[in-house]
Amino acid sequence: MQQVLHKIWSHTIQPMLSRPRRLQVAALCYRQTQDGQTQHSQTPHSQKQDGQSQDGQSQDRPAGEREVLLITSRDTGRWVLPKGWPMAGKTSAESAAQEAWEEAGVRRGRFEDMPLGRYQYDKRLDNGTLEPLETLVYGLEVIEILDEFPEMHQRTRRWMPAKEAAGLVDEPQLRDLLSRF
């Protein structure tokens, strides 16, 4: 009888009482290297980072490899994608591109209107409670990236192969998405 009640609770009643996940949008920023150069020229203001030349190009990556851009979160310093809430008057893909500008300095890029995938996670709020979130991930091919951007003093950014990025993120579904990218 206890198993029957547990099954009724977990499969019927509990799902009706739980809040739906709030939606966020994220940009999976990427670039393709070719002959030691990115396909799209960087601006003169591209940020120098560990293992990278002045133009942001990885010095120890083979030519022709696709790289993704991860940033650190402001609160915990975890590696994440630029992400945020959908914005009024913008599509989800446009909102993700706006977050890529504010959080990572991606000034121009080609984004895809259809998401590459999605992942779920629970965000810990300032009061300690967890908020269930679902994040739609949009591909954004980087054309221009700048050193100066709104959150430049609050985050670190780094280009890396997608498989390496997969090993640095905490969310299992995002890890899977990066592994397949």
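Everything numeric in this text was worked out from a predicted model, so none of it was measured.

Asker: Any chance you could explain the side chain of arginine 155 here in plain terms?
Answerer: Take arginine 155: it is sitting in the loop between strand 8 (130–145) and strand 9 (157–161). A polar side-chain atom of arginine 155 sits 3.5 Å from a polar atom in the side chain of glutamate 103.

Asker: Please explain a nonpolar patch on the surface as it appears in this structure.
Answerer: Taken together, the side chains of Met1, Val4 and Ile8 present a nonpolar region at the surface, about 330 Å² in accessible area. The topology assignment puts valine 4 in helix 1 (residues 2–17). The class for valine 4 is partly exposed, based on a relative accessible area of 47%.

Asker: Would you mind going over the packing of aromatic side chains with me for this structure?
Answerer: In this description, a pair of aromatic rings is defined by centroid distance and the angle of the planes. Applying the stated rule across the entire model yields 2 aromatic pairs. With 5.3 Å between their ring centres and 70° between their planes, tyrosine 30 and phenylalanine 181 make a pair best called edge-to-face. Residue tyrosine 30 is found in strand 1 (residues 22–34), and its partner phenylalanine 181 is found in the segment after helix 4 (172–180); the two are separated by 151 residues along the sequence. One residue, arginine 66, lies across the ring of tyrosine 30, its end atom 5.6 Å from the ring centre. Over the face of the ring belonging to tryptophan 101 we find arginine 107, whose NZ or CZ atom lies 4.2 Å from the ring centre.

Cut-offs used in this document
- Residues numbered from 1 in each chain as written.
- Predicted model: local features only at pLDDT ≥ 70, side-chain atom pairs only at ≥ 80, totals over all residues.
- Heavy atoms only, no water.
- Helix = DSSP H or I, 4+ residues; strand = E, 2+ residues; numbered from the N terminus.
- Polar contact = N/O pair within 3.5 Å; in protein donor to acceptor, adjacent residues only side chain to side chain.
- Patch = residues over 30% accessible without salt bridge, like charges linked within 9 Å, V, L, I, M, F, W, Y side chains within 5 Å.
- Areas by Shrake-Rupley, 256 points an atom, 1.4 Å probe, with all protein chains shown as cover.
- Salt bridge = Lys/Arg side-chain N within 4 Å of Asp/Glu carboxyl O.
- Buried < 20%, exposed > 50% of the residue type's maximum accessible area, 1.4 Å probe, protein only.
- Phe/Tyr/Trp six-rings, centres within 6.5 Å; stacked < 30°, edge-to-face > 60°.
- Lys NZ or Arg CZ within 6 Å of the ring centre and 35° of its normal.

Don't take any of this as a statement about function, it's just geometry.
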